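# Residue-level structural notes
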Amino acid sequence: MATMIQAESVSTTQLKEVGTVQVQEIPSGDKPALLLLHGEGEDDIVGIFADVLGQPWETTTSLEQVKAGPQGTIYGMRSSLAVSQAGSWDQSRVLINTHCVDGPHPRDDSITESCDFEYLYTVSTFFRRDVARFLSLILGQISPHRDLTKKARTTLISTTFPDVHAALPNLDILSVGADAIEIRVDLLEEPLKDGSVSKVPSLKYVGEQLMLLRQRTELPIIYTTRCTKENGRFPMDDPNLFFKYLTRAIQWGCEYIDVELWLPEDIRRKLAERKGCSKIISAFHDFSGNFKWLAPETQTLFERGAVYGDIVKMYVLVNSMQENMELEYFRTTIQTKYPHPPFSGLNMGPTGQLTRTMNKIFTPITHPLLPMIAAPGQLSAAQINSALHSMGQMPKLDIYGIGSFRSTSQAMFFEKCFNELSLPHQFMFAERAPKASIEYILRRPKFGGAYISPPLVAASAPYLPALSNAARAIGQVDTVLVRQESGQQVFIGDNATWKGIRATLSRDFVPSAYSGRAALLLANSEADASASIFALKSLGIGPVYTIGFKAKGSLSTEVEPVRSVEDMKRLEQPFVIISALPAEKSLVVVPLLKHYRVNGKTGSGMGGHGMKLSGKVFVDLASGPRKVDPLDIATSAGWTAYGSADVSAWTTVEMIRLLVGQNTPYDFVQLASGVGRGLF
Ligand SMILES: O=C1C[C@@](O)(C(=O)O)C[C@@H](O)[C@@H]1O
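Let me begin by describing the structure that accompanies this report. Here the structure is a predicted model, which means the values were calculated and not measured.

Cut-offs used in this document
- Once a new chain begins, its residue numbering starts again from 1 and follows that chain's sequence as written.
- With pLDDT at 70 or above as the cut-off, local features in this predicted model cover only qualifying residues; side-chain atom pairs require 80 or more to be listed or tallied, and sums for whole chains, interfaces and linings still use all residues.
- The side-chain values count all of the structure's non-hydrogen atoms but skip hydrogen atoms and water molecules.
- Consider each residue's heavy atoms; a residue with any of them within 4 Å of a molecule or strand counts as near.
- Any N or O atom pair separated by 3.5 Å or less is treated as a polar contact, with the protein-specific requirement of one donor-capable and one acceptor-capable atom, and with residues adjacent in sequence counted only for side-chain atom pairs.
- Exposure was quantified through the Shrake-Rupley algorithm and a 1.4 Å probe, taking into account, for residues, occlusion by the shown protein chains and nothing else.
- When DSSP finds two or more bridges between two strands, those strands count as paired.
- A run of H or I in DSSP counts as a helix once it spans at least four residues, and a run of E counts as a strand once it spans at least two, with each numbered from the N terminus.
- In this description, contact between two residues means that some pair of their heavy atoms is separated by no more than 4.5 Å.
- Convention adopted: a line fitted to C-alpha atoms gives each axis, helices being fitted over their contacting stretch, and angles between N-to-C directions are expressed from 0 to 180 degrees.
- Defined by distance alone, a disulfide is two cysteine sulfur atoms within 2.5 Å.
- Exposure categories follow from relative accessible area, calculated using a 1.4 Å probe and restricted to protein chains: below 20% of the type maximum is buried, above 50% is exposed, and the middle band is partly exposed.
- By construction, the arc corresponds to the directions joining the helix axis to the C-beta atoms.

Now for the site of the ligand. Taken together, 14 residues surround the ligand, and among them E182, R226, H285, K313 and Q378 come closest. A distance of 2.7 Å separates an oxygen atom of the ligand from a polar side-chain atom of R226. In the environment of the ligand, an oxygen atom lies 2.8 Å from a nitrogen or oxygen atom belonging to the side chain of K313. In the complex, 99% of the free accessible area of the ligand, which totals 320 Å², lies under the protein chains.

With that settled, consider the sheet that holds strand β17 (residues 398–403). Across the sheet, which stays open at both edges, the 6 strands sit in the order β18-β17-β19-β21-β22-β20 with mixed pairing between neighbours. Each having just a single partner strand, β18 (426–431) and β20 (466–467) make up the two edges of the open sheet. As judged from the 7 bridges shared by strand β21 (residues 476–485) and strand β22 (residues 488–494), these two strands associate in the antiparallel manner. The residue of β22 that forms the bridge with L481 is I492. Lying over the sheet, helix α23 (residues 644–660) contacts β17, β19 (447–457), β21 and β22, oriented at roughly 25° with respect to β21.

The omega torsion across H340 and P341 is -5°, close enough to zero to call that bond cis. Along the chain, the position of P341 falls in the loop between α12 (321–337) and β14 (343–348). With a phi close to 60°, Q91 is a non-glycine residue in the positive phi region. Relative to the helices and strands, Q91 is located in the loop between α3 (79–84) and β6 (94–100). Non-glycine residue N231 carries a positive phi angle of around 75°. Among the structural elements, N231 can be located in the loop between β10 (221–224) and α9 (239–251).

Attention shifts here to the sheet that holds strand β3 (residues 34–38). Spatially, β4-β5-β3-β6-β7 is the arrangement adopted by the 5 strands of the open sheet, whose pairing is parallel. Unpaired on one side and paired on the other, β4 (57–60) and β7 (117–121) mark the two borders of the sheet. Neighbouring strand axes in the sheet, compared pairwise and without regard to direction, differ in orientation by 25° on average. Of the pairings in the sheet, the one linking β3 to strand β5 (residues 74–78) comprises 4 bridges and is parallel in character. By the bridge assignment for β5, L35 is matched with Y75.

What follows concerns the side chain of D620. Mapped onto the fold, D620 is located in strand β27 (residues 617–620). A distance of 2.6 Å separates the side chain of D620 from the side chain of R626, its partner in a polar contact. If we skip the residues at most four places from it in the chain, D620 touches S579, S586, R626, P630, L631, Y642, G643 and S644.

A few words on the state of the cysteines. Applying the stated criterion across every chain yields a total of 0 disulfides. As a non-bridged cysteine, C100 has C115 as the owner of its nearest cysteine sulfur, 16 Å distant. You can see C277 has no disulfide; the closest cysteine sulfur is in C254, sitting 13 Å from it.

Along helix α14 (residues 381–390), the positions that sit buried rather than exposed are A381, A382, I384, N385 and L388. In a view along the axis of α14, the buried residues occupy a sector of 160°, so they form one face of it. Two residues or fewer after α14 comes G392, characterised by a positive phi angle close to 80°.

This is the structure in structure tokens:
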């Protein structure tokens, strides 16, 4: 079984001894067993799924063949054939109905109901990364919820569009500062033939709206069917309507479903039993104006929500400041008594706005570009940050970019981001001078953190006694964080680059596609390659072959140098090639890209309808001018190719998250950098 690096933890007690890297067995190294149903003539999608999973595939006409076939093979079958043999299905695989929304076949809800999941897609514009995201979530290979629970504050942007199309042009800017995006299903307005709109949008319409949104955002989606009594439009006469729509959200792979607490216990329990990797937000709203935070029933409401909720949300309309104080008291006492699940509590209405700044879990935010606010008193991310600052909860800090001239566009991006989110911080750029300059910057009174480009060798920075696991293993610090521990200021050296590399690698492939496969890494030195090795190991990669250096440090297990052509012949074919060579040497990789060009059934260049198959990944970390771009050669040899701009954009997303706790979409980073394909 593949081993996986555990990279998250950091503590001041993990000082910089050359420790062994913590490794953890991961069950997700197992190749998932899937059966995909598809419409007639639409079996291309099976090839795409298999490619994203890094597994072989076959189409078949018989369920018996599927049952007898190897687990690791992805099977595809026409849905009409599967329906006729449904009686003999033994549930031995995850069953996914795929439906091409702009294809010729109508969607059959009875097929969806008999499947575990449903994937909706378009071929006119196909989004392979959406397949990767959908599969990674439903197969439990990523956990956005776990990641978000580690953030000090989280927000969600509650969209109020009657039709998601209207949101798409501004989606990147709308979602700056949001950790998740809410689709208010009850506010969707499906146009009817007679010119009116439906009271409840059909599942077909909702599915397509959700698909559109997910194709354009990397944010986790919160799927909400708000009822009429709680400021929404979903009718309350039939609770089964909620069950039906929320079950479908689970099947569509939504990260969160919002389940109202008034729904019968039976329905809430059944949703919890079926939720798979989706998470439940238990929701309670009171608009009566008479709610009492300190009444004994309020704790009972929390406890009821906590039975099935991964988050418990309680929002009430208030009229006095006193009720804000009472909510804050309730917040402290309830989370002391029950640290889990997280509590999202706030007071609606203008008087309650203070609590929208105090709440730390999934605070709903609005944006001036939305057609209307979703609830009374809602604030934008910028308004919340300004309020936090004026209440002394977000002190003005100096955030530094320390480095070479090359990184100034990254500096400009930080400034844009601070402005967009009304963060009080100031961005300062410091040229990296020899000796002691960084230590000197750290000691400045308002120092709030820094990114360092090129990174600092961890062993040469005794003034950074605490390192994250990743920085320790990689041996390089590209981000310095300031944290308070027992009233003391502590500097932590971290590494964001490996996360940028990992995010790039998992954009079009699920993590298990890498497990046990070989990788080839080219670099001038181990230092240049170590963030890549760490990223690859975090995905459970098999052997890593190296050209240009021999690994000796804590990451050197299962890392083997290639010394000769004979070696090359004997090695396993690489699934990934990463070049960390400088621009002037980057052509060295070209013969390898050509030698290992992509062909065969698991990687035959092009699926139908422009849906690209590739089966192999190339990442070029070099930046700067060169005569021939290896990315072009890689692409024409069938590789899925990424350049340093992709990695840098993901790394910047991660740095901003680490330094100022704000989430910025990858596409916004690319857009705001304003230099064509990328940042640097
Ligand atoms: O539950 C909530 C909170 C909310 O009602 C608010 O008060 O901001 C907005 C809704 O969209 C969301 O579903």
